[in-house]
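Here is how the chains run, residue by residue.
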Amino acid sequence: MGADYGGYGSDDTTRLFGVRLDRFDRLRETLTGDYKATFGLTTVILFVLAAIFAPELAPFDPMAQEYAIMQAPSLSSAHPFGTDSFGRDLLSRMMYGARISLGVSLVAVTIGAVVGIGLGLVAGYFGGVVDDALMRFVDVLWAFPWLLIAIMLVAVFGQGVWNVIAAIAFAYIDDFARLARGEVLSIREEEFVLAAKNIGLSDTRIMIEEVLPNAVAPLIVQFTVLVARAMLAESTLSFLGIGVKPTTPTWGALLGQGRSLIGQAWWISIIPGIAIVVTVLGINLFGDALRDAFDVRGEEGSP
Amino acid sequence: MSLLDVENLRVTFPVDGGPDVRAVDGVDIAVEPGEIHGLVGESGSGKSVTARSVMRLLDGAVVEADRFDYRGEDLYAKSEAEMRTIRGDDIGMVFQDSMSALNPVMTVGEQIAEVVRHHGDVDESAGLLSELRRKYVTGTSETAPSWRRAVELLETVGIADPADVATTYPHQLSGGQRQRVMIAQALGGDPSLIIADEPTTALDVTVEAGILDELRRLCDEMDVSILLITHDLGVVAETCDSVTVMYSGSVMERASTEQLFQHPAHPYTKGLLRSVPEGGATDGELTTIPGSAPEPTERPDGCPFRDRCPAAFEACADPLPEHVVDAGHATRCHLYTERDDPGEVAWDADADIDAGVTAVTDDSGEPSPTEVTDG
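Thresholds, definitions, all that
Residues numbered from 1 in each chain as written. Chains lettered and ligands numbered in written order. Predicted model: local features only at pLDDT ≥ 70, side-chain atom pairs only at ≥ 80, totals over all residues. Contact = placed C-beta atoms within 7 Å. Helix = DSSP H or I, 4+ residues; strand = E, 2+ residues; numbered from the N terminus. UniProt positions renumbered as here; feature names shortened; annotations may be inferred. Pairing = 2+ DSSP bridges. Axes fitted to C-alpha atoms, helices over the stretch in contact; angles between N-to-C directions. Expected span 1.5 Å × (residues − 1). Bend = angle between axes of the 7 residues up to and from the residue. Buried ≥ 20, exposed ≤ 12 C-beta atoms within 10 Å, placed from the backbone. Core = buried A, V, L, I, M, F, W, Y, C linked by C-beta atoms within 7 Å.

A. The arrangement of the interface of chain B and chain A in detail. Listed as interface residues are 38 residues of chain B and, on the opposing side, 30 residues of chain A. Of all the secondary structure elements, the ones that give two or more residues to the side of chain B that touches chain A are helix H2 (80–89), helix H3 (98–101), helix H4 (108–119), helix H5 (128–138) and helix H7 (162–166) of chain B.

Right under this line is the structure:
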């Protein structure tokens, strides 16, 4: 009889700091069982490590200019990715750039997700006037061009990491709000919500403890898609020169600076371009795997 | 004192741009401690609405009653916070469709342990943060008292391998197992009353018998009263101590199970009993009550059943009376209050009813044809 339950036994439970690890069996299986998921996870981990340990790992100071070797091509002896037009090491700049590009997009999308999911959850769960009021507010957010907000923020507060984060987070609130609301609208009609009321849970608890876990799968996918888009958005802002400080290396800024030199030194723009593409792809694949792992109802390992 | 004592319950659903729908129209219901009380009626008779009004969870409905006492205290005078304590703690609820009434993304052990933490006697925090940690990250530790209690409850409701089953998700269980899980969940707060809304309708008869036995045993051994909603007189006969028969928002008859099956008083009850298929091979059609229940907005004045009743007469248009047949047996039929001798209801005149016309005795004692609404 016990064999029918997908190996969820209680005898062979291992723990780490009191956390039951068998809860993560699914996640581990999904991430290791599917080569796309493995690739996604590995990529994300590598880039995050490169970003975190940039000061230790970077072969050169990203700001150090060497006029003797301006625009040195890739794979030249000391500079595996070559140098930019000021003779700065591109590999080092890429690693430092990852801090901004990954950090900004993760933080911005997290903020957007928390605010957006909160709004969508409340709107969808209560419906009626609350729904109307909150969603009209979200419509207003949506109608505002985020680029305009970014320009406005930069105009008022000057260039800075937090302004970029604010502009991007602001732009993604409505995506999360709409998705969460749509999910909640159908979930709240399920009988287990009524059952939860019947065991005496308050509305707040039902929203967070019972309804939200059922909406997690699509929200995770949305999160990873938007992290990818946020990286592009950050690149766009840097490219336009309204991102973080111009001298700070970010992938978008590197791409933008290399653009005019693409004839002479293609690697200056191509390498950050490839990095953006690979990261976005990795995050998306990782997101798909996460969704599969969280969806306890679905078929296992289906891509 | 009755555990649950409701008098003259009226539940109305306001409808935009239409007449209000009065789903329950003057229902009395009483559940005694330690009994299984059946609430029987066809679809749309208001039995579920009646039961759910106890939990005060009828969204948008106007609920009125002359009395709505649970343990002698008016449920509708309580604050929402007090009601939250009563739900799950004093009164548990079991739903018909166990697949949709259990949260699909949580293990069943988690869902029972949650009720135990909220209402039971365990020394564990049920604060928002600790619950979030359990639900999103760690799960309830299987050494925690609430988890152990959950496993115990699963065992109580007759689940084999309770420790294994506790770690499964609802979709991994069979319908019968899920129904037992729901009963275990309802028991999580040590309630005095369980409202079971058609708990066996979605199950096949073998599993149904098992669940009903379980309810019977819980009632006898754990001192829980059960309000069992069903449309199946077989379930009532097997399980209940007493019964309330509802039809189109009103109570038709109230009796002990024995009285109801031995001496049904109301023509509707008689018609229902007559429609129960006998065992063994039958040729020909099953017996039915001709016609169908009226829409709540199109109920006739007086007795809602009079359009389909073979014994209907003028007095049936008057408000429903209350007639005590025997100790613990009451019916709301004019035959008993307006007539010296109610006589036999002409339900056995099959051929006549099928033809849409039946002979009934009117006040003068002479037979007269009465139209019976056909569908």
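B. Quick peek at the environment of Leu218 of chain B. Within the secondary structure, Leu218 of chain B sits in helix H9 (residues 205–222). Taking C-alpha positions, Leu218 of chain B is 34 Å from Gly60 of chain B, a pair spaced 158 residues apart along the chain.

C. Representation of the UniProt feature "transmembrane region" (unreviewed entry) in chain A within the structure. Residues and elements named next belong to chain A. Residues annotated by UniProt as "transmembrane region" (unreviewed entry) correspond here to residues 35–54, 100–126, 146–173, 211–232 and 265–287. The span residues 146–173 is 89% helical and 0% strand by assignment, and the distance between its end C-alpha atoms comes to 11 Å. Taken end to end, residues 211–232 is 100% helix and 0% strand, and its first and last C-alpha atoms sit 32 Å apart.

D. Focus on the UniProt feature "domain: ABC transporter" (unreviewed entry) in chain B. Residues annotated by UniProt as "domain: ABC transporter" (unreviewed entry) correspond here to residues 4–273 of chain B. Between the end C-alpha atoms of residues 4–273 of chain B there is a gap of 27 Å, over a span that is 42% helix and 23% strand.

E. Geometry of the sheet that holds strand E9 (residues 225–230) of chain B. Residue and element names in this part refer to chain B. Judged by pairing direction, the sheet is mixed, and its 8 strands sit side by side in the order E7-E8-E9-E3-E10-E11-E13-E12 without closing on themselves. Edge strands, defined here as strands with exactly one partner in the open sheet, are strand E7 (91–94) and strand E12 (323–326). The average angle at which neighbouring strand axes cross in this sheet is 20 degrees, direction not considered. Both strand E11 (residues 250–256) and strand E13 (residues 329–331) contribute to a ladder of 2 bridges, which runs antiparallel. Bridging from a neighbouring strand, Arg254 pairs with Ala330 of E13. Along the sheet, H9 contacts strand E3 (36–40), strand E8 (193–197) and E9; its crossing angle with E3, the most-contacted strand, is approximately 140 degrees.

F. Examining helix H4 (residues 90–126) of chain A more closely. Residues and elements named next belong to chain A. Its 37 residues give H4 an end-to-end C-alpha distance of 52 Å, which sits within 8% of 54 Å, the value for a rise of 1.5 Å per residue. Along H4, the largest kink reaches about 30 degrees and is centred on Gly97. Most of H4 is tucked away, with 27 of its 37 residues classed as buried.

G. Summary view of the nonpolar core. Among the nonpolar cores identified, the biggest contains 170 residues, and Ile168, Ala180 and Val211 of chain A together with Ala150, Leu154 and Ile226 of chain B are the most heavily contacted of them. Examining the composition of this core, we find that 18 residues originate from one element, H4 of chain A, more than from any other. Among residues more than four places away in sequence, those in contact with Ala180 of chain A are Gly116, Ile117, Gly120, Leu121, Gly124, Ala215 and Leu219 of chain A.

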